[in-house]
Amino acid sequence: DTAVSQTPKYLVTQMGNDKSIKCEQNLGHDTMYWYKQDSKKFLKIMFSYNNKELIINETVPNRFSPKSPDKAHLNLHINSLELGDSAVYFCASSQESGGYTGELFFGEGSRLTVL
Amino acid sequence: GEDVEQSLFLSVREGDSSVINCTYTDSSSTYLYWYKQEPGAGLQLLTYIFSNMDMKQDQRLTVLLNKKDKHLSLRIADTQTGDSAIYFCAESMNSGYSTLTFGKGTMLLVSP
């Protein structure tokens, strides 16, 4: 069983389109994240949700909207896609209550290419 | 990533030791981590060290922490071709959530 799964794995789309990436974790963790990894492998946090509540919202354009229907899911919707949005988007989860280790469990990534 | 610096590339021969270095700027960092990313995959935690420790050893991995110089290193003994990957250093403050700041990653290439 995949612990953190993301779909789709690859996404190619035109500028201006709207797209979504879905993430699910079956680890029973209470916190989920979206990270963006650019072409130089630089990894930057975008959002974090704890028990469905937004706790971290870095300086990300309003075109990006995360949604957490329950604590096992965190989806990312992107409106009006731009060329600079091309990157690999990683979902991750962690268990923050009951002892802290800071261990993030990552999905395999969703490679978004905007043409 | 601007608070965590790593060299971008390291090449070693199979069987040699690899040492990957990292410097960080936040002296209040509580935990420091090494993550490994294999091609086409997500990051995977290799090891972590509390800021009150100087060294941690786990099989072929040795982590050294110099808090005075804000320097963290990862030594891989008897490096194998399967160790070829990108290694990310990360720091975190125990602010209640895993607010990790990652370095830009060091690509380790192990040749036979």
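This is a predicted model, so every value here is computed, not measured.

A.B. asks: Report on empty space enclosed by the protein, specifying residues and quantitative values.
C.D. replies: All names here are of chain A. Following the criterion strictly, the structure yields one cavity of 30 Å³ or more and no others. The volume enclosed by the largest cavity comes to roughly 30 Å³. Asp30, Thr31, Met32, Tyr49, Asn51, Lys52, Ser68, Asp70, Lys71 and His73 together form the lining of the largest cavity. Within the residue set of the lining of the largest cavity, elements represented by two or more residues are strand E4 (31–37) and strand E7 (64–70).

A.B. asks: So what about the pairing of strand E11 (residues 106–111) of chain B? Which residues, and what values?
C.D. replies: Residues and elements named next belong to chain B. Burial along E11 is one-sided: the residues Thr106, Leu108 and Val110 are buried and none of Met107, Leu109 and Ser111 is. Summarising the sheet, strand E2 (residues 9–13) and E11 pair through five bridges and their orientation is parallel. Of the residues in E11, the one forming a bridge with Ser11 is Leu109.

A.B. asks: Help me get a handle on the environment of Lys70 of chain B, residues and values and all.
C.D. replies: Residue and element names in this part refer to chain B. Looking at the element boundaries, Lys70 is found in the loop between strand E7 (61–66) and strand E8 (71–76). The exposure class assigned to Lys70 is partly exposed, which follows from its relative accessible area of 23%. Each C-alpha atom of the pair Lys70 and Ser27 lies 7.2 Å from the other, and the pair is 43 residues apart in sequence. Residue contacts for Lys70: discarding those within four places in its chain leaves Cys22, Thr23, Tyr24, Thr25, Asp26 and Ser27.

A.B. asks: Explain the side chain of Asp30 of chain A residue by residue, including any values.
C.D. replies: All names here are of chain A. Along the polypeptide, Asp30 turns up in the loop between strand E3 (19–25) and E4. Lacking a salt bridge, the buried Asp30 has Lys71 as its closest oppositely charged neighbour, with an N-O distance of 6.3 Å. In this structure the side chain of Asp30 is engaged in a polar contact, spanning 2.9 Å, whose partner is the side chain of Thr31. Those residues in contact with Asp30, other than ones at most four positions away along the chain, are Tyr49, Asn50, Asn51, Lys71, Ser94, Gln95, Glu96 and Ser97.

A.B. asks: Any details on the packing of aromatic side chains? Residues and values, ideally.
C.D. replies: With the rule as written, the count across this model stands at 14 aromatic pairs over all chains. Each ring, one from Phe106 of chain A and one from Phe102 of chain B, has its centre 6.2 Å from the other, and the planes form 70°; the classification is edge-to-face. Taken together, the residues Phe106 of chain A in strand E10 (residues 105–106) and Phe102 of chain B in strand E10 (residues 98–102) connect one chain to another. We note that Phe106 of chain A, like Phe102 of chain B, is buried. Ring geometry for Tyr31 of chain B against Tyr33 of chain B: centres 6.4 Å apart, planes inclined by 25°, an arrangement best described as stacked. Tyr33 of chain B matches Tyr31 of chain B in its accessibility class, with the two residues each being buried. A network of ring pairs unites the aromatic residues Tyr33, Tyr35, Phe90 and Phe106 of chain A together with Tyr31, Tyr33, Tyr35, Tyr48, Phe50, Phe88 and Phe102 of chain B as a single cluster.

A.B. asks: Account for the sheet that holds E7 of chain A, naming residues and giving values.
C.D. replies: Adjacent strands of a sheet form backbone hydrogen bonds with each other and so pair up, either parallel or antiparallel. Residues and elements named next belong to chain A. What the four strands build is an open sheet, ordered E1-E3-E8-E7; its pairing is antiparallel. Lying at the two open borders of the sheet, with one neighbouring strand each, are strand E1 (4–7) and E7. Going across the sheet, the axis of each strand differs from the next one's by a mean of 20°, ignoring polarity. Relative to E3, E1 runs antiparallel, the two being bridged by four bridges. What sits directly across from Gln6, in E3, is Cys23.

A.B. asks: Run through the pattern of salt bridges, naming residues and quoting values.
C.D. replies: All names here are of chain A. Enumeration according to the criterion identifies six salt bridges over all chains in this entry. Notably, a salt bridge pairs Arg63 with Asp85, separated by 2.8 Å at the nearest N-O pair. Here Asp85 lies in the loop between strand E8 (73–78) and strand E9 (87–94) and Arg63 lies in the loop between strand E6 (53–57) and E7, a separation of 22 residues in the sequence. Exposure remark for Arg63: the relative accessible area of 15% places this residue in the buried category.

Rules of the game
Residues numbered from 1 in each chain as written. Chains lettered and ligands numbered in written order. Predicted model: local features only at pLDDT ≥ 70, side-chain atom pairs only at ≥ 80, totals over all residues. Heavy atoms only, no water. 1 Å grid on protein atoms, 1.4 Å probe; cavity = no way out; pocket = protein on both sides within 12 Å on 5 of 7 lines; lining within 4 Å. Points joined across faces, edges and corners; volume = space filled by probe spheres on them. Helix = DSSP H or I, 4+ residues; strand = E, 2+ residues; numbered from the N terminus. Buried < 20%, exposed > 50% of the residue type's maximum accessible area, 1.4 Å probe, protein only. Pairing = 2+ DSSP bridges. Contact = heavy atoms within 4.5 Å. Lys, Arg positive; Asp, Glu negative; His and termini not counted. Salt bridge = Lys/Arg side-chain N within 4 Å of Asp/Glu carboxyl O. Polar contact = N/O pair within 3.5 Å; in protein donor to acceptor, adjacent residues only side chain to side chain. Phe/Tyr/Trp six-rings, centres within 6.5 Å; stacked < 30°, edge-to-face > 60°. Axes fitted to C-alpha atoms, helices over the stretch in contact; angles between N-to-C directions.

Honestly, it's all geometry; don't read function into it.
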